[in-house]
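# What the coordinates show
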Amino acid sequence: MACGSCGTTENGVPKGCKSNGNCGSGTCGSGSNKLAVFDWLSNMTLPSGQERFNIFEVRFKNGRKHFFTNPDNLPITMGDIVAVEGAPGHDIGTVSLAGELVKVQMKKRKITADHEDVKKIYRIASQRDIDIWQQARGKEEETQRKGREILGRLGLQMKLSDVEYQGDGNKATFYYTADTRVDFRQLIRDLASAFSIRVEMKQVGARQEAARLGGVGSCGRELCCSTWLTDFRKVTTSAARYQQLSLNPLKLAGQCGKLKCCLNFELDTYLDALKSFPKQDVVLKTEKGDAVFVKMDIFKNHLWYTYKEERFKWFRLTLEQVLEIVDLNKNNEKSISLEEYEADVEIPVKVDFEDAVGQDSLTRFDVPKTSNRKKNNRNRNKKKPVTVASNNRSKPAAKASPGQKAKPNPNQKPNPNQKRKPQVKKQPNTNPNQKPKPRPRPKPRPKAQGDVNKPEGEVKKVNKPRRNNRNRKNNNPKNDDSSEKK
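Keep in mind the model is a prediction, meaning the values are calculated, not measured.

### Some words on the overall build of the protein
- Secondary structure summary: the protein contains 12 helices and 12 strands in total.
- Here the protein holds 486 residues, and the buried ones make up 29% of them.
- When contacts within the protein are restricted to residue pairs at least 6 apart in sequence, long-range pairs at least 24 apart make up 57% of them.
- Surface exposure of the protein reaches about 37800 Å², of which carbon and sulfur atoms provide 49%.

### Focus on the sheet that holds strand β8 (residues 198–203)
- In spatial order, the strands read β6-β7-β8; together these 3 strands make up an open sheet with mixed pairing. For this open sheet the edge positions go to β6 (159–165) and β8, each flanked by a neighbour on one side alone. Taken pair by pair, the neighbouring strands of this sheet meet at an average axis angle of 25 degrees, ignoring direction.
- In terms of strand pairing, strand β7 (residues 171–177) meets β8 through 6 bridges, oriented parallel. Residue Y176 lies in a different strand from β8, and its bridge partner there is Q203.
- Contacting β6 and β7, helix α3 (residues 140–154) runs over the sheet at an angle of about 145 degrees to β6.
- Seen against the sheet, helix α4 (residues 185–195) touches β7 and β8 and runs at an angle of roughly 135 degrees to β8.

### Section: the environment of F67
- Locating F67 in the fold gives a position in strand β2 (residues 65–69).
- Owing to a relative accessible area of 3%, F67 belongs among the buried residues under this scheme.
- Sequence separation of F67 and V102 is 35 residues, and the distance between their C-alpha atoms is 8.5 Å.
- In contact with F67, not counting residues within four places along its chain, are I55, F56, E57, V102, Q105, M106, R109, I111, D117, V118 and K119.

### With respect to the side chain of T286
- Note on placement: T286 falls in the loop between β9 (284–285) and β10 (290–297).
- With relative accessibility at 1%, the residue T286 sits in the buried group.
- Among the polar contacts listed, one links the side chain of T286 to the backbone oxygen of G289, at a separation of 2.4 Å.
- If we skip the residues at most four places from it in the chain, T286 touches Y307, K334, S335, I336, S337 and L338.

### Observations regarding empty space enclosed by the protein
- Within this structure, the stated rule accounts for 2 cavities of 30 Å³ or more.
- The computed volume of the largest cavity comes to approximately 60 Å³.
- Lining the largest cavity, in full, are F60, K61, R64, D91, I92, W133, R137, E164 and Y165.
- Those elements giving two or more residues to the lining of the largest cavity turn out to be β4 (90–97), α2 (127–138) and β6.
- Split by residue class, the lining of the largest cavity holds 4 nonpolar, no polar and 5 charged.
- Quantified by volume, the second largest cavity comes out at close to 30 Å³.
- Along its surface, the second largest cavity is lined by G147, L151, M158, L160, L187, L191 and M201.
- Elements with a contribution of two residues or more to the lining of the second largest cavity: α3 and α4.

### Focus on the sheet that holds strand β5 (residues 119–124)
- Strands sit in the order β1-β2-β5-β3-β4 around a closed barrel of 5 strands; the barrel is mixed. For this sheet, the mean angle separating the axes of adjacent strands, direction not counted, is 55 degrees.
- Helix α1 (residues 101–108) rests against β1 (55–59), β2 and β4 of the sheet, and its axis sits at about 70 degrees to β1.
- Across the face of the sheet, α2 comes into contact with β3 (81–85), β4 and β5 while running at roughly 100 degrees to β4.

### Observations concerning the nonpolar core
- Counting residues in hydrophobic clusters, the biggest one holds 19 residues, and the most contacted among them are L284, L303, Y305, L317 and L338.
- Listing elements by their share of this core, those giving two or more residues are β10, β11 (302–307), β12 (315–318), α10 (319–330) and α11 (338–343).
- Leave out the neighbours within four places in its chain, and L284 touches G289, D290, A291, Y305, L317, V322, I325, V326 and N329.
- Of all hydrophobic cores here, the second largest spans 18 residues; its members include Y165, A178, L187 and M201.

### Concerning a negative patch on the surface
- Where like charges cluster on the molecular surface, the negative patch consists of E287, E340, D344 and E346.
- The topology assignment puts E287 in the loop between β9 and β10.

### With respect to α1
- Residues L101, V102, Q105 and M106 constitute the buried set of α1. Taken down its axis, α1 places every buried residue within 140 degrees of arc, on the same side. Exposed and oriented more than 90 degrees from the buried face of α1 are V104, K107 and K108.
- Residues of α1 that are buried sit in contact with β1, β2 and β4.

### Description of the pairing of β1
- Taking burial as the measure, the 5 residues of β1 include 5 buried ones, the bulk of the element.
- Here β1 shows two buried faces, one formed by I55, E57 and R59 and the other by F56 and V58.
- Relative to β2, β1 is paired through 5 bridges, and the arrangement is antiparallel. The partner of V58 across the bridge, within β2, is H66.
- In this antiparallel pair of consecutive strands, β1 and β2, the connection spans 5 residues, and N62 shows a positive phi of 60 degrees.

### Overview of the pattern of salt bridges
- A full pass over the atoms with the stated rule returns 17 salt bridges.
- Taking the shortest distance from any N to any O, the salt bridge between R137 and E140 comes out at 3.5 Å.
- Taking the shortest distance from any N to any O, the salt bridge between K171 and E200 comes out at 2.7 Å. Here E200 lies in strand β8 and K171 lies in strand β7, a separation of 29 residues in the sequence.
- Its relative accessible area of 12% is what places K171 among the buried residues.
- If you follow the salt bridges from partner to partner, you end up with K61, R137, E140, D162 and R212 in one network.

Cut-off values and rules
Residues numbered from 1 in each chain as written. Predicted model: local features only at pLDDT ≥ 70, side-chain atom pairs only at ≥ 80, totals over all residues. Heavy atoms only, no water. Helix = DSSP H or I, 4+ residues; strand = E, 2+ residues; numbered from the N terminus. Buried < 20%, exposed > 50% of the residue type's maximum accessible area, 1.4 Å probe, protein only. Contact = heavy atoms within 4.5 Å. Areas by Shrake-Rupley, 256 points an atom, 1.4 Å probe, with all protein chains shown as cover. Pairing = 2+ DSSP bridges. Axes fitted to C-alpha atoms, helices over the stretch in contact; angles between N-to-C directions. Polar contact = N/O pair within 3.5 Å; in protein donor to acceptor, adjacent residues only side chain to side chain. 1 Å grid on protein atoms, 1.4 Å probe; cavity = no way out; pocket = protein on both sides within 12 Å on 5 of 7 lines; lining within 4 Å. Points joined across faces, edges and corners; volume = space filled by probe spheres on them. Nonpolar A, V, L, I, M, F, W, Y, C, P; charged D, E, K, R; others polar. Core = buried A, V, L, I, M, F, W, Y, C linked by side-chain atoms within 4.5 Å. Patch = residues over 30% accessible without salt bridge, like charges linked within 9 Å, V, L, I, M, F, W, Y side chains within 5 Å. Salt bridge = Lys/Arg side-chain N within 4 Å of Asp/Glu carboxyl O. Lys, Arg positive; Asp, Glu negative; His and termini not counted. Charge placed at Lys NZ, Arg CZ, Asp CG, Glu CD. Arc of directions from axis to C-beta.

The structure is reproduced here in C-alpha cells:
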C-alpha cells in the first residue's frame, strides 16, 4: 500500500514511504486511518459509455467507515471533507475511497447499493462546517472526564472508553465496555442534562477498545488491531496447544486482556505439519517396556519418549523411527529398545557466532575485567634487597674475626661426612630469686671486601620498598582532648 505523497514509478507501481509503522501523510493505514486502500485504478480510464461508480467510502474518527451515495453528482475525490447525512442532523467525514474499488469493499461487507445503511452526501464541507466540527472534537476529552465522574457516582459496573461527537455538535456517542448487562437509563438522563446533547450508548468489546486506544505490543510493533486487523476472530487455548506453547496467561494475553490475535496467524501451518505426526496418546511397545510421549519439535521432526517405569530418562527419536515402531505395534510386534533407536539419531551441530568479518565476540562483556592495580602493588613490595659485592662472585668471602662465628651460607650444600653437634635443651629457670640474664647484643657484621675502605662508624643505607600512595594512611597527628589550650 502507498499514499498519494509516496509517489509512483514509471510503470505505475507505488514506491511506498517505508516508514514501517507510521505515516507522515496519515493515509497508509497507521493510527486512525486504518486500512486506507490505495486506488490503483485511479489512472485508468473507463470504457466508453460506462458511468463512474457513484458511491463513496467516508472515514470518521477511530477508523469508522461507512458508504454514502452522491445523488447530486458532486465533483468529489479522495481526501475531500464532505458533509453527510446523520441521525439526526449531519456529520463531517473524509472521503477515503472512490471509484470501482468501492464495489469490492461493499461486496466484502455484504452491502448492496440499495441498503438502508447507504446514506447521502449533502455537500462538500465549507469552512463554517469544518470550524464547528473542530470545536465539537475539542470537547470530547472534557466530556469523557465528566462522564466518568457521573458513572462513578451512579456506581455502574462499566467502563467509559471513548466519546465521539457528531460533526454538527448535536449528538455524542459514548463507547463503553462491560462484562455483564448494565441498566444505564439513568446514566443517559444525567449525561443529556449535563451536556445538553443527544446521547447514544454503544458497547464495544475488549479487543475493539484496544484497537481504538492503540499501543505497542510485546513484539515491539504497533498493535495489529489498531493498524490493519479488522475481523477479530475467536482465539482459544487449543491454538497455543497445537503450537506447543506453555499456557502462561501473562505471555499469551495481549493488552486487551484476551488471548493474542497473532496465535491464529501460524495456526494453519502447524496444523498442516501435525498431520503426519502420530497422536500423543499412542503408547510405544518395546522389548524393554512401554514408552509414552513427552514432547515434540514439529519443524525438526523430533519426538521425545520415556519409559513408564523409568521416567527420569528421555529418548530423542525421529518421526520416521516413531512411525516404524507404530507399524510394528499394529502387527503385534515389539520393537527394539529406545536406546538403540536414539543411537542412530543424528543431531545437527549448532553453528555458533563466527568472527568472519572482524567483529568482536558477542560475549565479550560477560566476563568482568580484573584490575592490575593489586598486581602492581605486590610486585613493588617484592623487590629484591640490595646485596653487597654481587659482581665479585669469583672472589673468596672475607674471613670472620676469631671471636665471631661465621654465618652459614644458604647456597652451600651440606657435607655428609661432617658430624653435627648434638643440640642441648635448655633447662627452665627454677630459681625464682635468680634474675634473668640479659640478652647479648648482636655482634657487628663482618666487613666484606668492598667495605674495607669505609669507616667503621658509617652505616650503609638500605633502600626501603616503596609503598602505594593510594593505600598510605594519613599519619597526621590528631588533636588530643588533653592538649593545652593557648
